[in-house]
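A closer look at the structure
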Amino acid sequence: QRHGPLRRCGLLEHRRHPNLPLGLELPALHPRNAGVRPQRLAKYLQFCAERGISALADIDETLVGEFLVSLRAPIEGPPLAESSISRAVVSVRRFHAFTVAEGSAGIDPAASITPPQPPSRLPQAITIDEVQAILDAPDPQSPAGLRDRAILELLYGTGCRVSELTGADLDDVDVERRMIVLSGK
């Protein structure tokens, strides 16, 4: 059986999708794995069919690129968000890698296509009142509350990372000099 190892480890199921062109069996990864989604792949394969593609061998890198352009500037409706385009690219790439691995296609026309990187967003700053509410949240009457307040004050006052603070030992604290030695990035 061609896909035995993939099926045995629960990664692959085959389903014939009646609305897809090219008479393909649609590879779908197990739900626990973020894989090829039928709706994303159907849109791509419909795009190919509208351009007269009748076999996997007819799909080339240019056609894959044209599909991506169509997602950015669709004829109807608004363009997709970068994150949606990125997920579509991943689905197309996985689909073509699958068809090469199973022997249905000789080359992977999407191998060199990279998903767009969504712009990184700066974190939203919180207000002084919100900071004060966080610092006042621990109960100063209990040992755990005092500990939590000290942790929050240290994080806020120094700007250290949580991982740096959790990596500190009691030996890293100099109470007399009111210092702590933290190591990290």
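Everything numeric here is computed off the predicted structure, so don't read it as measured data.

1. What about the packing of helix α5 (residues 128-136) against helix α6 (residues 143-158)?
At their nearest, the axes of α5 and α6 sit 9 Å apart, and the two run at 145° to each other. Judged by residue contacts, Val 131, Ile 134, Leu 135 and Asp 136 of α5 engage Arg 149, Leu 152, Glu 153 and Tyr 156 from α6.

2. Comments concerning the environment of Val 89
With respect to the secondary-structure elements, Val 89 resides in helix α4 (residues 82-102). By relative accessible area, which is 2% here, Val 89 ends up buried. Measuring from C-alpha to C-alpha, the distance between Val 89 and Ile 113 comes to 7.6 Å, with 24 residues separating the pair along the chain. Among residues more than four places away in sequence, those in contact with Val 89 are Leu 68, Ile 113, Thr 114, Pro 115 and Pro 116.

3. Concerning unusual backbone geometry
The phi angle at Arg 178 is positive, at roughly 55°, despite the residue not being glycine. Inspection of the secondary structure assignment puts Arg 178 in the loop between β3 (173-174) and β4 (179-180).

4. Quick word on helix α3 (residues 61-72)
Its 12 residues place the ends of α3 17 Å apart at the C-alpha level, agreeing with the 16 Å of an ideal helix rising 1.5 Å per residue. For α3, the full list of buried residues reads Leu 63, Val 64, Phe 67, Leu 68 and Leu 71. Along the axis of α3, the buried residues cluster in a sector spanning 145°; they form a single face. Across α3 from its buried face, at more than 90 degrees, point the exposed residues Thr 62 and Val 69.

5. Digging into a negative patch on the surface
The grouping of Asp 58, Asp 60, Glu 61 and Glu 66 at the surface amounts to a negative patch. Mapped onto the secondary structure, Asp 60 falls in the loop between α2 (38-50) and α3. We classify Asp 60 as partly exposed; its relative accessible area is 38%.

6. Some words on the layout of surface pockets
Here the largest pocket is characterised by a volume of approximately 310 Å³. Lining the largest pocket are 14 residues, with Lys 43, Phe 47, Ser 70, Pro 74 and Ile 75 sitting closest to its centre. For the lining of the largest pocket, the secondary structure elements donating two or more residues are α2 and α3. By residue number, the principal contributor to the lining of the largest pocket is α2, which donates four residues. Partitioning the lining of the largest pocket into residue classes produces eight nonpolar, two polar and four charged.

Calculation notes
- Residues numbered from 1 in each chain as written.
- Predicted model: local features only at pLDDT ≥ 70, side-chain atom pairs only at ≥ 80, totals over all residues.
- Heavy atoms only, no water.
- Axes fitted to C-alpha atoms, helices over the stretch in contact; angles between N-to-C directions.
- Helix = DSSP H or I, 4+ residues; strand = E, 2+ residues; numbered from the N terminus.
- Contact = heavy atoms within 4.5 Å.
- Buried < 20%, exposed > 50% of the residue type's maximum accessible area, 1.4 Å probe, protein only.
- Expected span 1.5 Å × (residues − 1).
- Arc of directions from axis to C-beta.
- Patch = residues over 30% accessible without salt bridge, like charges linked within 9 Å, V, L, I, M, F, W, Y side chains within 5 Å.
- Areas by Shrake-Rupley, 256 points an atom, 1.4 Å probe, with all protein chains shown as cover.
- Salt bridge = Lys/Arg side-chain N within 4 Å of Asp/Glu carboxyl O.
- Lys, Arg positive; Asp, Glu negative; His and termini not counted.
- Charge placed at Lys NZ, Arg CZ, Asp CG, Glu CD.
- 1 Å grid on protein atoms, 1.4 Å probe; cavity = no way out; pocket = protein on both sides within 12 Å on 5 of 7 lines; lining within 4 Å.
- Points joined across faces, edges and corners; volume = space filled by probe spheres on them.
- Nonpolar A, V, L, I, M, F, W, Y, C, P; charged D, E, K, R; others polar.

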